[in-house]
Structure formats: structure tokens, C-alpha cells
Amino acid sequence: MGSEARQGVIDRYREWLPVGDRTPRVDLQEGSTPLVRSRNIGPALGLSALYFKYEGLNPTGSFKDRGMVVAVAKAIEEGAQVLVCASTGNTSASAAAYAASQGMRAIVIIPAGQISLNKLSQALVYGAKVVQIPGNFDAALATVRDLAEHYPVALVNSVNPYRIQGQKTAAFEIVDALGDAPDYLILPVGNAGNITAYWKGFKEYHAAGRSTVLPRLVGAQAEGAAPIVKGAPVAEPKTVASAIKIGNPASWENATLARDESGGLIDAVSDTEILQAQLQLAAAEGLFAEPASCAPLALLVRLVREGRIERDSTSVIVLTGNGLKDPDAALGNVEPPVTIDGDARALAKVLKL
Ligand SMILES: *Cc1c(COP(=O)(O)O)cnc(C)c1O
């Protein structure tokens, strides 16, 4: 009825993806997320151009959908009937949704007791088989890699190269929206698939003449889960930002390559800084993102103050996941609702109107 149906990333970026006539049409209208210009935080920092890539508006609430759609399409093309993944939450929600849309089975392995209820509920409601194991994400990933090597299941973690292929489309969208690549792209780094994917996307577009510059990639880890910053795996990663609570990133080498080739950096921020940034983002911009997604804002604030990001540069922060995914931590830092039992006058009194 007048308006064109929105396309998912496979149709939109078909010529940039390893898909062909035999690839099934998998599409939950992922991608095409807003690039929101900062109204308040950027100007307060004296930055001439700061943007937020609002990936929380993907179908299951995180950027994972961009890569999952390609991984699932290719898995079906290659004859798979069962998908399996390890997850800190968002990958399982995404795998479960795409499996459901294709009538496939999804099995997700999660570290027991470490997944937000909201993310877990997504996987369960989409109909995935959820298996909890003791230990952390790194142990869960080792288990599913072993499973996929010996049984007929398709592994859809970001070690699957089709995930990276799909996720690189976010870089294309940013260049398409800005007319060129930004000077800085700042994002959280957990298993390091996304920083790998962005770098691949920016390089491909640049090589094809779609952008004149390449951005510096700035990765944010959490202090208690900062293996790349420390240069050694972290046996027991700890952070409120569960999506980046990873001690031994699968794409470690690619992350350091992206950092070094782009002239960027990867640094760590504390949980306190992350939660402050989360409230700042919500209160100053009207954007609610989960804790992992707020680590880059915390890092940006520090880098601008230290003069390591120039005020006349263009920066894009990737808000990787929706705030509704994991509201518990944020709720600890806001005033609880007030309860009154009275009329408008009583209400006005409480509100100091
Ligand atoms: C998966 C995820 C990350 C980390 O991405 P990696 O590719 O593992 O580095 C960050 N934030 C959110 C919300 C995620 O779901």
C-alpha cells in the first residue's frame, strides 16, 4: 500500500554478501537501524559530530540479527536442520528467532545463572532448546565447537564466517548515511566478532570507492573482562556488562589487526563508568542501551577529555543492544516510583507543582 516493504540485509546488500540463487530468503527485516545524531552529549563534550548507531532496534533487540540472518540462510543452503550456539544472551535470542522463522531447531548453550532473564525469555519463547552448563561463556563456546565438530549441527557463533559477513553491513549503512566513513567508530568488544566485521565492511566499501577515508576503530572492554587490553586471557571475567563478559575472545587476533591497521585502540572502562554512561545516554539523548553498549560512550568521554579524540572529528558509537534486554543494573541507579493514594491535589503536592 504505497510504502515499499523494508528489506533485510541480504536483499539490501546482496552483491556484497556470499549469497546466490540457491540461498533461501531469510529475512526478519533486520538492519536499516537509525543513525541518531547526538543532541546533547556531543555538544557538551565540544564534539562537532557524534552519532549513535542504534542497533537495539533490530528484530530481536541487538546487532546479532545482521549476522544471524546470513549464517542461518547459508546453513539451510548447506543442508543443516539444527542450529547450535553458545551465548551470553543475545546470540541465543537471535538464533532462536531465525530458527523459528525457518521451522528449524535451535539449541543454545548458556553459562548457568549468568544470562539476563529478558534475553533468556526470548530464546525460550521463540522455542529454542536451552541448556545451561556450569562455567562461563568461554566454556560454553568450547562445548558447542566440540559438538559441531562431531554431530550434524550448524554452529552459528561469530566464529562462523557468515556471521561476520552479515554484521559488516552495519559499516555499509553508516557510510551510506554519512556519505563517507566517520573518523572514529567506537564499539564494545567481547568475543570480538563485531569489531572484525566493521573493519571488513569499512575496508570493502573503501576499496570500492564508496568512502574516501577509513575510520579508526576504538574498542571498549570492561575492566574485569579485558583480555585484549591486558594481553592475556582472563580466567574469571567479571562485569555488569554481560554481553562482553568474555575472558578469551574467539576473534582476538582479528580484533588486534582491526585496531592496528586502522590506527585505533582498545581500552577498558570500569563498571561504574559503564552504568554512569548508560544513565547519561538515556537521560540526555532518550536512548536506552544495555550496559555493554554503553562502554564505548564511557571510553569516548575519557578520550575526548584526554585530547585523544579531536573535537572537530566525526565519531559513531555503536549501541549494540537494547536497554530493555537487561534493565536490572540500571534500576539500581534510578529513583524507584513513588506510590500515592490520593487525588490530583495530593499528586501535585508530591510532585512539588
Ligand atoms: C554480542 C554483543 C557484544 C559483543 O560483540 P562481540 O562481537 O562479541 O565483540 C556487545 N554488545 C552486545 C549488546 C552484544 O550482544
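Parameters at a glance
Residues numbered from 1 in each chain as written. Predicted model: local features only at pLDDT ≥ 70, side-chain atom pairs only at ≥ 80, totals over all residues. Heavy atoms only, no water. Buried < 20%, exposed > 50% of the residue type's maximum accessible area, 1.4 Å probe, protein only. Helix = DSSP H or I, 4+ residues; strand = E, 2+ residues; numbered from the N terminus. Pairing = 2+ DSSP bridges. Phe/Tyr/Trp six-rings, centres within 6.5 Å; stacked < 30°, edge-to-face > 60°. UniProt positions renumbered as here; feature names shortened; annotations may be inferred. Contact = heavy atoms within 4.5 Å.

(A) Region of the structure containing the pairing of strand E10 (residues 314-319). Taken across its 6 residues, E10 has 5 buried, putting it largely inside the fold. Summarising the sheet, strand E2 (residues 49-54) and E10 pair through 6 bridges and their orientation is parallel. The residue bridging Lys53 from the neighbouring strand is Val318, located in E10. Pairing between strand E7 (residues 184-188) and E10: 3 bridges, direction parallel. The partner of Tyr184 across the bridge, within E10, is Ser315.

(B) Highlighting the packing of aromatic side chains. Inspection of every chain in the model, using the stated rule, returns 5 aromatic pairs. Aromatic side chains Tyr13 and Phe172 sit 5.3 Å apart centroid to centroid with 55° between the ring planes, which places their arrangement in the tilted category. Taken as a pair, Tyr13 in the loop between helix H1 (9-12) and strand E1 (35-37) and Phe172 in helix H8 (residues 169-178) lie far apart in primary sequence, 159 residues in all. Like Tyr13, the residue Phe172 is buried in the burial classification. For the pair Trp16 and Phe172, a centre-to-centre distance of 5.1 Å together with 55° between the ring planes defines the contact as tilted. Remark: Phe172 occurs in helix H8 and Trp16 occurs in the loop between H1 and E1; sequence separation between them is 156 residues. Taken together, the aromatic side chains of Tyr13, Trp16, Phe172 and Tyr205 make up a single cluster linked through ring pairs.

(C) Structural detail: the UniProt feature "binding site: pyridoxal 5'-phosphate" (unreviewed entry) in the protein chain. In the numbering used here, UniProt assigns the feature "binding site: pyridoxal 5'-phosphate" (unreviewed entry) to Asn90, Gly190, Asn191, Ala192, Gly193, Asn194 and Thr320. These annotated residues cover 231 residues of sequence, and their C-alpha atoms all fall within 14.4 Å of one another, placing them together at a single site. With respect to the helices, strands and loops of the structure, Gly190 is situated in the loop between E7 and helix H9 (193-207). Taking the relative accessible area as the measure of exposure, Gly190 reaches 8% and is therefore buried. Tracing the chain through its elements places Ala192 in the loop between E7 and H9. Residue Ala192 is classed as buried on the basis of its relative accessible area of 3%. With near-sequence residues (within four places) excluded, Ala192 lies in contact with Ile228, Pro249, Ser251, Trp252 and Ala255.

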